[in-house]
Amino acid sequence: MKLLLQTLIGWIKCKANHIKYTKETYIGINVKIINREGGRFELKPKVIIRPSCDLFVHKLDSHLSIGEGTEIGNHSTISAQNSIVIEDNVLTAPNVYIADHNHEYEDIHIPICQQGTRCSPCSRVVIGSGTWLGKNMVVAGNVKIGRNCVIGANSVVTKDIPDYCVAAGVPAKVIRKYDPETRQWAKTA
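Scope of this entry: the structure provided in the associated data block.

### Focus: the overall build of the protein
Now for step 1: Check the secondary structure of the protein and you find 1 helix and 22 strands.
Now for step 2: Relative to its length of 189 residues, the protein is compact, with a C-alpha radius of gyration of 17 Å against a globular reference of 16 Å.
Now for step 3: In terms of overall dimensions, the protein has a C-alpha envelope of 50 × 50 × 25 Å along the principal axes.
Now for step 4: For the protein, buried positions account for 40% of its 189 residues.
Now for step 5: Pairs at least 24 residues apart make up 19% of the contacts formed inside the protein by residues separated by at least 6 positions.
Now for step 6: By element, 56% of the accessible surface of the protein is carried by carbon and sulfur atoms, the whole surface being about 10500 Å².
Now for step 7: Charged side chains in the protein number 23 positive and 17 negative. The centres of these two groups are separated by 6 Å.

### Describing the state of the cysteines
Now for step 1: Overall, the coordinates contain 0 disulfides when judged by the stated rule.
Now for step 2: A disulfide-free cysteine, cysteine 149 has its sulfur positioned 5.3 Å from the sulfur of cysteine 165, the nearest such atom.
Now for step 3: Overall, cysteine 149 belongs to the buried group, its relative accessible area being 1%.

### With respect to the sheet that holds strand β3 (residues 40-43)
Now for step 1: What the 5 strands build is an open sheet, ordered β3-β6-β9-β14-β17; its pairing is parallel. Each edge of the sheet is formed by a strand with only one pairing partner; in this case those strands are β3 and β17 (143-145). The average undirected angle you get between the axes of adjacent strands in this sheet is 5°.
Now for step 2: Here strand β9 (residues 83-86) runs beside strand β14 (residues 124-127); their pairing, made up of 4 bridges, is parallel. Following the sheet pairing, valine 85 is matched in β14 by valine 126.

### Concerning the nonpolar core
Now for step 1: Of all hydrophobic cores here, the largest spans 37 residues; its most connected members are Ile49, Ile98 and Ile145.
Now for step 2: Of all the secondary structure elements, the ones that give two or more residues to this core are β3, β5 (54-57), β6 (63-66), β8 (77-80), β9, β14, β17 and β20 (165-168).

### A short note on the sheet that holds strand β11 (residues 97-99)
Now for step 1: The 6 strands lie next to each other as β2-β5-β8-β11-β16-β19, forming an open sheet whose pairing is parallel. Strands with a single pairing partner mark the edges of an open sheet, and in this sheet they are β2 (32-35) and β19 (156-157).
Now for step 2: In terms of strand pairing, strand β16 (residues 138-140) meets β19 through 2 bridges, oriented parallel. Looking at the pairing, valine 139 lines up with valine 157 of β19.

Rules used throughout
- Residues numbered from 1 in each chain as written.
- Predicted model: local features only at pLDDT ≥ 70, side-chain atom pairs only at ≥ 80, totals over all residues.
- Heavy atoms only, no water.
- Helix = DSSP H or I, 4+ residues; strand = E, 2+ residues; numbered from the N terminus.
- Rg over C-alpha atoms; globule rule 2.2 N^0.38 Å.
- Buried < 20%, exposed > 50% of the residue type's maximum accessible area, 1.4 Å probe, protein only.
- Contact = heavy atoms within 4.5 Å.
- Areas by Shrake-Rupley, 256 points an atom, 1.4 Å probe, with all protein chains shown as cover.
- Lys, Arg positive; Asp, Glu negative; His and termini not counted.
- Charge placed at Lys NZ, Arg CZ, Asp CG, Glu CD.
- Disulfide = S-S within 2.5 Å.
- Pairing = 2+ DSSP bridges.
- Axes fitted to C-alpha atoms, helices over the stretch in contact; angles between N-to-C directions.
- Core = buried A, V, L, I, M, F, W, Y, C linked by side-chain atoms within 4.5 Å.

Everything listed here is a matter of geometry and, on its own, says nothing about what the molecule does.
So this is what it looks like as structure tokens:
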């Protein structure tokens, strides 16, 4: 009965927000999905959205795609002003924040909450397949994280990370890279 109810709730949330839904998709309780103007929002098969996540698609031409087999951890937020593509089999820990934009703050005479957002027309976030994003980490701005990367807990990614890397810190820096010749993860300088 519980599984049937969860499936029904997920189906209703997807239908209400013009999202394609498959039976293998799981959407936890208290997940907030806001597709403000009917932008493009794709959930591929076998996606898991854990409880208490917030997913935002802000405009008609905004795009959010979550790839097959991806799991979004509890209390995470994904906010697409332009484009966010999370490829297949990505795993996020709880409390991950992913956004392709930031708050505007230029005018000191207007409260920041009333200034809107800052987002260049080409701003996008891409998270490569097989990547793992650690707890409490942030991806902000125009960023591409490569395939099979590990991003450490509490890190802030503001610049591109190549494929097969481990990155950590604020701002996140590559600390290990996979060496195909030795077939090992090597520390970087």
